[in-house]
Amino acid sequence: TLYVEKHVAYIQSLDTRKDSLDYWLTEHLRLSGVYWGLTALCLLNRPDGLPREDTIAYVKSCQHKSGGFGANPGHDAHMLYTVSAIQILAIEEALDTIDRDHVARWISGLQQENGVFAGDEWGETDTRFLYGAMNCLSLLGKLDVIDVEKAVDYVLACQNHDGGFGMAPGAESHAGQIFTCVGALAIAGKLDKIDKDLLADWLCERQLPNGGLNGRPEKLEDVCYSWWVLSSLAMLGRLHWIDGESLVRFILRCQDGEGGGIADRPGDMVDVFHTVFGVAGLSLLGYQGLEEVDPVYCMPRKVTKKIL
């Protein structure tokens with residue numbers, strides 16, 4: 001059984017724990033934490049679970065004068081938190097409360113000559129940031145401000161002989177990076193450029209005897225890969241290549257039946273990151289009572305349908 005009400009209460013309690021050390025040690029993740037919590041609430045059919053006006057005001061308070069968003073007020077702008085900000089505003093139907101062009105200009109300024117994107121002004125590059133740019137700009141209706149063709153070419157250069165993708169050309173295949181690369185290709189309408197069967201074969205081999213999924217060969221299972229692996233298979237039209245019932249049982253075993261929330265694996269401490277990706281994985285598997293999730297954006301399908 002999915003403990004819906006306990007998960008809702010757990011997520012709602014997260015911003016009330018300001019006297020705990022954990023609250024302040026996770027300040028660098030705060031904006032993403034709001035996105036994870038809000039998305040989980042939406043998929044649990046509680047879209048009003050967080051106060052809308054306060055949420056919008058908080059997101060806007062994280063915007064940097066450059067146009068990008070930081071993890072918390074006063075933090076430097078970064079692609080990852082800008083994605084979270086735009087996704088939250090999209091879910092709350094509040095994209096018109098910001099200057100879309102200002103955000104789009106900041107994002108386009110981070111594209112490099114080879115098509116990849118830096119995460120911020122300091123220059124670290126990664127396929128996560130490339131996917132983030134395309135996620136944001138497509139939601140803003142501003143994909144035309146970047147060189148999409150170059151971005152697609154960079155993604156294809158990251159594909160390995162095993163069908164998987166890494167964070168850069170020649171880097172090891174990893175399920176998280178595969179999600180970012182397949183997601184970017186999906187947004188660009190270029191999924192026909194890859195060998196879907198070869199990649200799906202690598203992805204379905206991530207399932208372990210206990211039903212859980214890992215991110216690379218020889219690694220432990222982790223609930224978050226219920227999202228990274230499954231969403232990639234969904235985008236490839238190969239969701240049926242894994243044992244869905246076994247994975248559902250694994251995710252449900254990772255719940256905290258008393259305090260709510262989902263952990264990385266059974267018996268571990270819960271957190272909002274694994275909670276959203278556990279719930280999103282269940283949604284992809286068609287678990288009864290959950291809102292449908294969009295595998296490209298990790299947002300409620302009804303939100304992306306309205307915007308895109």
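Residues numbered from 1 in each chain as written. Predicted model: local features only at pLDDT ≥ 70, side-chain atom pairs only at ≥ 80, totals over all residues. Heavy atoms only, no water.

Draft legend 1. Up close: the overall build of the protein. Helix and strand counts for the protein come out as 14 helices and 4 strands. For a compact globule of 308 residues, the expected C-alpha radius of gyration is about 19 Å, and the protein comes in at 18 Å, within 12% of that figure. Principal-axis analysis of the C-alpha atoms places the extent of the protein at approximately 50 × 45 × 35 Å. Expressed as a percentage of the 308 residues in the protein, the buried residues total 56%. Nonlocal contacts in the protein, meaning residues at least 24 apart in sequence, comprise 64% of its contacts between residues at least 6 apart. A distance of 3 Å separates the average location of the 27 positive side-chain charges in the protein from that of its 43 negative side-chain charges. (Helix = DSSP H or I, 4+ residues; strand = E, 2+ residues; numbered from the N terminus. Rg over C-alpha atoms; globule rule 2.2 N^0.38 Å. Buried < 20%, exposed > 50% of the residue type's maximum accessible area, 1.4 Å probe, protein only. Contact = heavy atoms within 4.5 Å. Lys, Arg positive; Asp, Glu negative; His and termini not counted. Charge placed at Lys NZ, Arg CZ, Asp CG, Glu CD.)

Draft legend 2. Structural context of the side chain of Gln 207. Inspection of the secondary structure puts Gln 207 in the loop between α10 (196-204) and α11 (225-235). Exposure remark for Gln 207: the relative accessible area of 18% places this residue in the buried category. Among the polar contacts made by the side chain of Gln 207, one reaches the main-chain amide nitrogen of Asp 243 at a distance of 2.9 Å. (Polar contact = N/O pair within 3.5 Å; in protein donor to acceptor, adjacent residues only side chain to side chain.)

Draft legend 3. Layout of the packing of helix α4 (residues 52-61) against helix α5 (residues 79-91). Their axes nearest at 10 Å, the elements α4 and α5 cross at an angle of 155°. Here α5 runs roughly antiparallel to α4, going by the angle between their axes. Note that α4 runs across α5; the crossing there is left-handed. Across from Thr 55, Ile 56 and Val 59 in α4, the residues of α5 making contact are Ala 85, Ile 88 and Leu 89. (Axes fitted to C-alpha atoms, helices over the stretch in contact; angles between N-to-C directions. Parallel < 35°, antiparallel > 145°, perpendicular 65-115°, else oblique. Left-handed = near helix turned anticlockwise from the far one by under 90°.)

Draft legend 4. Main features of the pattern of salt bridges. Taken as a whole and judged by the stated rule, the model has 15 salt bridges. Taking the shortest distance from any N to any O, the salt bridge between Arg 52 and Glu 53 comes out at 2.9 Å. The class of Arg 52 is partly exposed, set by a relative accessible area of 36%. Among the residues examined, Glu 53 registers a relative accessible area of 52% and is labelled exposed. Among the salt bridges present, the one from Lys 302 reaches Glu 291, with a minimum N-O distance of 3.5 Å. Taken as a pair, Lys 302 in helix α14 (residues 301-307) and Glu 291 in the loop between α13 (272-284) and β3 (293-294) lie far apart in primary sequence, 11 residues in all. One salt-bridge network, held together by shared partners, links Glu 5, Arg 46 and Asp 48. (Salt bridge = Lys/Arg side-chain N within 4 Å of Asp/Glu carboxyl O.)

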